[in-house]
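# Topology and contacts: notes
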Amino acid sequence: MRRYLMAGNWKMNLTPSEAKKFALELAANIKDLDKDVDVMIAPNFASLAYVKEAIAGTPIKLGAQNMNDNEKGAYTGEVSADMLLDLGVEYVILGHSERRDIYKEDNALINKKVKFALAKGLKPVLCIGEHLEEREAGVTADVVKKQLEEGLKDVSAAEMANVVIAYEPVWAIGTGKTATPEIAEATHQDIRNILTNLYGAEVAENVTVQYGGSVSDANVDNLMAQKNIDGALVGGASLKLAPFTKIAKFEKV
Ligand code: PGA
């Protein structure tokens, strides 16, 4: 049975003091959750230690927004898997479209990070999704297929139990233009089929596939009502306490 994962990607927002305050308030709101729901927040690296403390004793899990693909050494400005593990991080967001577009991360590098995270015992949240021109050209399914095949290269069926996929159409991120639940569901169904081809139906059925892109407290319930949408990766609305609390505690319709 697959689990729901409601996650906040705080991106480069909130200073450590602000992150701590927000996390304490969120922790007070989220003391219990349905058995099949997980909630995760991914603050910036500088805030991880504070947020870890703030959410201690609550079901909220800690995520990071990126990770280097090397063990350790002369990589100025980078953060390693061991550093994240030492801070209590459980999930790591990899291949976010901002990493792909601004920092030129390609599928090969993202695949190295995914495999490294898994080898270290971190759960990668592999982000995929098409740009507007690709959707308009009708090649969305091809784009996500390539991102999945290359991003998951040499990841075993057993390891897939620890992998989360986040489908985020780039045109919907931070724009207020959410894919309608039906449009999102159609691509989620494609993703489930691609995973079935790669790993078989049983493994594919159990993978949590999140939707991301302008998710809000107003649209979350309808998105989550779709058969193949198993969670949300939330940017803007995860920085607002009441909406994110509502997203974390979405209504199952
Ligand atoms: P958004 O961001 O919710 O602000 O659109 C989503 C994301 O980038 O993960």
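A brief look at the structure comes next. (Residues numbered from 1 in each chain as written. Predicted model: local features only at pLDDT ≥ 70, side-chain atom pairs only at ≥ 80, totals over all residues. Heavy atoms only, no water.)

Of all six residues in strand E1 (residues 4-9), five are buried, a share of seventy percent or more. Relative to strand E2 (residues 37-42), E1 runs parallel, the two sharing six bridges. Counted as the bridge partner of asparagine 9 is alanine 42 from E2. For the crossover from E1 across helix H1 (residues 16-29) to E2, the handedness is right-handed. Strand direction decides the pairing type here: E1 and strand E8 (residues 231-234), joined by four bridges, are parallel. From the neighbouring strand, methionine 6 faces E8, where its bridge partner is alanine 232. (Buried < 20%, exposed > 50% of the residue type's maximum accessible area, 1.4 Å probe, protein only. Helix = DSSP H or I, 4+ residues; strand = E, 2+ residues; numbered from the N terminus. Pairing = 2+ DSSP bridges. Right-handed = clockwise from strand over helix to strand, strands pointing away.)

What follows covers the packing of helix H7 (residues 140-151) against helix H8 (residues 181-199). Axis separation between H7 and H8 bottoms out at 10 Å; the angle between their running directions is 40°. When the axes of H7 and H8 are compared, the pair comes out oblique. Both H7 and H8 take part in a crossing whose hand is right-handed. Mapping the contact onto sequence places Thr140, Ala141, Val144, Lys145, Leu148 and Glu149 in H7 and Thr187, Asp190, Ile191, Ile194, Leu195 and Leu198 in H8. Considered class by class, the residues forming the contact of H7 with H8 number seven nonpolar, two polar and three charged. (Axes fitted to C-alpha atoms, helices over the stretch in contact; angles between N-to-C directions. Parallel < 35°, antiparallel > 145°, perpendicular 65-115°, else oblique. Left-handed = near helix turned anticlockwise from the far one by under 90°. Contact = heavy atoms within 4.5 Å. Nonpolar A, V, L, I, M, F, W, Y, C, P; charged D, E, K, R; others polar.)

Before going further, it helps to examine the pattern of salt bridges. Inspection of every chain in the model, using the stated rule, returns 20 salt bridges. With a shortest N-O distance of 2.8 Å, glutamate 71 and lysine 120 are connected by a salt bridge. Of this pair, glutamate 71 sits in the loop between strand E3 (60-64) and helix H3 (81-86) while lysine 120 is found in helix H5 (residues 107-120), placing the two residues 49 residues apart along the sequence. We classify glutamate 71 as partly exposed; its relative accessible area is 38%. The partly exposed category is assigned to lysine 120, whose relative accessible area is 24%. Across the pair glutamate 105 and arginine 99 runs a salt bridge whose closest N-O atoms are separated by 3.0 Å. Judged by its relative accessible area of 22%, arginine 99 is partly exposed. One connected set of salt bridges, linked through shared partners, spans Arg2, Arg192, Glu205 and Asp230. (Salt bridge = Lys/Arg side-chain N within 4 Å of Asp/Glu carboxyl O.)

None of this, on its own, says anything about what the molecule does.
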